[in-house]
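# Analysis of the macromolecular model
Residues per chain are reported as follows:
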Amino acid sequence: MTTNATPAGKTTPAEAPKPSPATSEDLLLEVTDLKKHFPVTQGIVYQRKVGAVRAVDGITFSLRRGETLGVVGESGCGKSTMGRVVSRLLDPTSGTIRFDGRDITKLSQRAMRPLRKDIQMIFQDPFSSLNPRKNVGAIVSAPLHLQDIATEHGTKRRVQELLELVGLSPEHYNRYPHEFSGGQRQRIGIARALASRPKLIVADEPVSALDVSIQAQVINLLEDVQAELGLTYIFIAHDLSVVRHISDRVAVMYLGRIVEVADQVRLYEQPMHPYTHALLSAVPVPDPVKEGKRERILLYGDVPSPLNPPSGCRFHTRCWKAKEMCKTVEPPLLTIQPGHQVACHFPEERTLI
Amino acid sequence: MSLTKDGPTPPPATARRGFLDVRDLVVHFFTDDGVVNAVDGLSFSVEPGRTLGIVGESGSGKSVTSLSIMGLNRGRGTKISGEIWLEGQELISASTEEIRALRGSKMAMIFQDPLSAMHPFFSIGAQISEAYRVHNDVSKKAARVRTIELLDRVGIPSPNTRVDDYPHQFSGGMRQRAMIAMALSCDPRLLIADEPTTALDVTVQAQILDLLRDLQKEFNSAIVLITHDLGVIAEATDEVLVMYAGRGVEYGPVKELFAAPEHPYTWGLLQSMTRLDRKDQDRLRPVLGSPPSLIHVPSGCPFHPRCPYDAQAAPASREIRPNLIETTPGHQVACHLEPAERQRIFREEVSPGL
């Protein structure tokens, strides 16, 4: 963003300097009260609905162009479901998704299709997300064919350019996925996601399956292509240090809800929600001297079932600060500081790293 | 004498054997593509009450090492040589029956993925009691009591009822606890944990590591903890062995290894990590290239094609395989760079960027 160094006469008066009221121009994605419930049924012929897994249960956030939003949380908190609903691979139960100024919540399959090229996904497992029977050329060019995207010098040239962009060699065009290592396969997945020149990439644990040294290569690559192509990322991961590195803003999810959102520096240096505190304190630090001195918050038990989430604040069953109020009143996601929202009755700043 | 193989380091004949002492372990697999040199001359030892961390990339031979200790890869097409001593007993030359008697009782293993390591058709309780009854001549009832006791010990809530649950009814963290309970059923003296927390969330990982630490205090067992996460290594181990291409490249006490690592590969691992305790860097510095093929292991130092300091150690690094040599007491490094030079590089070039 440019600073307000423009001549004074040109700017509109009384404009807030930094967190300027984001116009719909800036926002690539606006998600409002998004819910995704998976029905649980019983019976064979007549399937009665006996309950619902509330995977995503009312989340609201927005994403500016060129920004990276990191989403962290334990397994089962709904972060992957959120990614899939946002990219409309799953249909939301309720709520709205506005992408690029357009409401895409209720678009039909057919109406959605042309938009698919703008929203792409990168998956976690580089072994199961590539078709073993197709060669790299076919995999990476699939979006081009499906979307009828015209290429200047033919599809093959374009695919080879993409392969080069992600750090593979153009000669890899005719090889098959099994001939590549995990890191290289993830690069193929990235090349495929970039093929249609998307605006938004939803990356669901893109580096979790990779070794640390390779992880760093892929993260650098993701940052490079973002800078080069002006991409916007939703980066879903459970590794808090990776998320810190790549994100501009970070959202912490717990049982289908966002419990804290803030820009990256603030979330890691002044986290307010007790769940964020617990997550941060649980990350082991590669320094045995420091490790011994660190304050450690141990959470007991597991994440409660999203079939029947706890009343009031969903975290109260595991929270050491929980009071009577937390059991009955659900805390709303409130803005505590510009750009820092927390859903807790008793937020408190704490330094953990 | 050829210098390309392990150099002249015959262990002194009178050397005191550790509790678990692995000497010059070599594991080769014969495949259609060629011989896979999964482990190629590895030595380490662990004492009771201590934890050894083995760290390395996938394909560095960490898991194969642990399977060899447990005697789980003795099939055809596998060639194992070297010595593995467990409390004075040699395991490689031992018969399958002898190993089977030890496995589960004196040594036990915790696997990475508890969902695939447990049988989906049998209840958790049945599987743990079975492991217990194989080594102890007790009634089913007594085994069940013991199982409930163990589940309680590892922190499973209401073990009386959960004992009859099936693996799919447990969450990931609880399954891992159940597996630890199974491993502990016969009070093993040696516990091998192969990536025990990799599939778990950080919060649960912290619980499991805590549990392992408590249990170790209680039973005074030796633990071999295999992981690729240097954070876990820093938190839970006493000594560390860094493996690369089937060999140990650095071996030392955990504090020393993090304060003054000397092998370029260890530096690479530390540099490529994103870490919460330091300021966020603009750019990560990955180890260049990709892990070597174990069928065609690079000549000389197997790390040389990826090593940024290769030129300084050439041509030795490309021709002669370096041995683990002690630099400071208890700290061994396999590198052709001069120790003083390594320490200088770490101090001046690597350490400031960490």
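Because the structure is a prediction, the values reported are computed rather than measured. (Residues numbered from 1 in each chain as written. Chains lettered and ligands numbered in written order. Predicted model: local features only at pLDDT ≥ 70, side-chain atom pairs only at ≥ 80, totals over all residues. Heavy atoms only, no water.)

### What to know about helix H14 (residues 339-350) of chain B
Residue and element names in this part refer to chain B. Keep this limit in mind: Buried means the residue's accessible area, taken with a 1.4 Å probe over protein chains only, is under 20% of the maximum for its type, while exposed means over 50%, and partly exposed covers the values in between. Going along the chain from the N terminus, every DSSP run of H or I of four or more residues is numbered as a helix, and every run of E of two or more is numbered as a strand. The directions from the helix axis to the C-beta atoms are what the arc is built from. Residue contacts are defined here by distance: any two heavy atoms, one from each residue, within 4.5 Å place the two residues in contact.
For H14, the complete set of buried residues consists of Arg342, Ile345, Phe346 and Val350. For H14, the arc enclosing every buried residue in end-on projection is 95 degrees, short of the 170-degree limit, so these residues lie on one face. Of the exposed residues in H14, the ones pointing more than 90 degrees away from its buried face are Ala340 and Arg347. Buried-residue contacts for H14 involve helix H10 (254-259), helix H11 (264-272), helix H12 (310-313), strand E11 (325-328) and strand E12 (331-333).

### Focus on the pattern of salt bridges
Residues and elements named next belong to chain A. Defined as follows: What counts as a salt bridge is simple: a side-chain nitrogen of Lys or Arg found within 4 Å of a carboxyl oxygen of Asp or Glu.
According to the stated counting rule, one finds 39 salt bridges over all chains in the structure shown. The salt bridge involving lysine 79 is made with glutamate 205; its shortest N-O contact spans 3.9 Å. With lysine 79 in helix H1 (residues 79-86) and glutamate 205 in the loop between strand E7 (200-204) and helix H6 (212-229), this residue pair connects regions lying 126 residues apart in the sequence. With respect to class, lysine 79 is no different from glutamate 205; both count as buried. A salt bridge links glutamate 349 to arginine 266; the nearest nitrogen and oxygen atoms lie 3.7 Å apart. Linking glutamate 349 in the segment after strand E12 (340-342) with arginine 266 in helix H8 (residues 264-269), this pair joins segments that are 83 residues apart in sequence. Given the relative accessible area of 44%, glutamate 349 is considered partly exposed. Each of the salt bridges in this network shares a partner with another, and the network as a whole consists of Arg54, Asp57, Arg257, Arg314 and Glu330.

### So, the interface of chain B and chain A
Applied cut-off: In this description, buried area is defined as the sum, over both parts, of the accessible area (probe of 1.4 Å) that is lost when the two are combined. Any pair of N or O atoms that falls within 3.5 Å is considered a polar contact. Within protein, one atom must be able to donate a hydrogen and the other to accept it, and sequence-neighbouring residues count only if both atoms are side-chain atoms.
Opposite the 43 residues of chain B that make contact, chain A presents 41 residues. Where chain B abuts chain A, roughly 3,600 Å² becomes buried across the two surfaces, and 56% of that area is made up of carbon and sulfur atoms. Across the contact surface, chain B and chain A share three salt bridges. Aspartate 277 of chain B serves as the salt-bridge partner of lysine 290 of chain A, at 3.3 Å between the closest nitrogen and oxygen. Scanning the region where chain B abuts chain A turns up 15 residue pairs in polar contact (both at pLDDT 80 or more). Every element with two or more residues in the side of chain B that touches chain A is listed here: helix H8 (202-219), helix H9 (230-236), H10 and H11 of chain B. For the side of chain B that touches chain A, the leading source of residues is H8 of chain B, giving seven residues.

### Notes on the sheet that holds strand E2 (residues 48-64) of chain A
Strands belonging to one sheet form pairs held by backbone hydrogen bonds; the direction of such a pair is parallel or antiparallel. Residues and elements named next belong to chain A. Spelled out, the test is: One requirement defines pairing of two strands: DSSP has to find at least two bridges between them.
Spatially, four strands are ordered E2-E1-E4-E5 in an open sheet, and the strand pairing comes out antiparallel. In this open sheet, the two edge strands, each paired with only one partner strand, are E2 and strand E5 (102-103). In terms of strand pairing, strand E4 (residues 94-99) meets E5 through two bridges, oriented antiparallel. Pairing of phenylalanine 99 across the sheet is with arginine 102, part of E5.

### With respect to the sheet that holds strand E8 (residues 222-227) of chain B
All names here are of chain B. In plain terms, the rule: Every axis in this analysis is a line fitted to C-alpha atoms, fitted for helices over the stretch in contact. Angles between the N-to-C directions lie between 0 and 180 degrees.
Here eight strands make up an open sheet; going across it, the order is E6-E7-E8-E3-E9-E10-E12-E11 and the pairing mixed. Among the strands making up the open sheet, the edge pair consists of strand E6 (107-110) and E11. This sheet shows a mean twist of 25 degrees between the axes of neighbouring strands, independent of strand direction. As paired elements, E6 and strand E7 (residues 190-194) share four bridges and run parallel to each other. The residue bridging methionine 107 from the neighbouring strand is leucine 190, located in E7. Contacting strand E3 (51-55), E6, E7, E8 and strand E9 (239-244), helix H1 (residues 62-69) runs over the sheet at an angle of about 150 degrees to E7. Here helix H7 (residues 172-184) sits on the sheet in contact with E6 and E7, set at roughly 170 degrees to E6.

### Examining empty space enclosed by the protein
Applicable threshold: We place a 1 Å grid over just the protein atoms. Points where a 1.4 Å probe fits but has no way out form a cavity, open points with protein on both sides within 12 Å along at least 5 of 7 lines form a pocket, and any residue with an atom within 4 Å of a point lines it. Grid points are joined across faces, edges and corners, and a volume is the space filled by probe spheres set on the points. Only Asp, Glu, Lys and Arg are considered charged, only Ala, Val, Leu, Ile, Met, Phe, Trp, Tyr, Cys and Pro nonpolar, and every remaining residue, Gly among them, polar.
Tallying each qualifying case throughout the model produces four cavities of 30 Å³ or more. Taken as a whole, the largest cavity holds about 110 Å³ of empty space. Forming the walls of the largest cavity are 14 residues, and the residues nearest its centre are Met273, Thr274, Arg275, Lys279 and Gln281 of chain B. Counting residues per element, the ones that place at least two in the lining of the largest cavity are helix H7 (240-246) of chain A together with H11 of chain B. The element best represented in the lining of the largest cavity is H7 of chain A, accounting for three residues. Grouping the amino acids of the lining of the largest cavity by side-chain chemistry returns four nonpolar, five polar and five charged. Of the voids in this model, the second largest cavity is the one considered here, and its volume is about 90 Å³.

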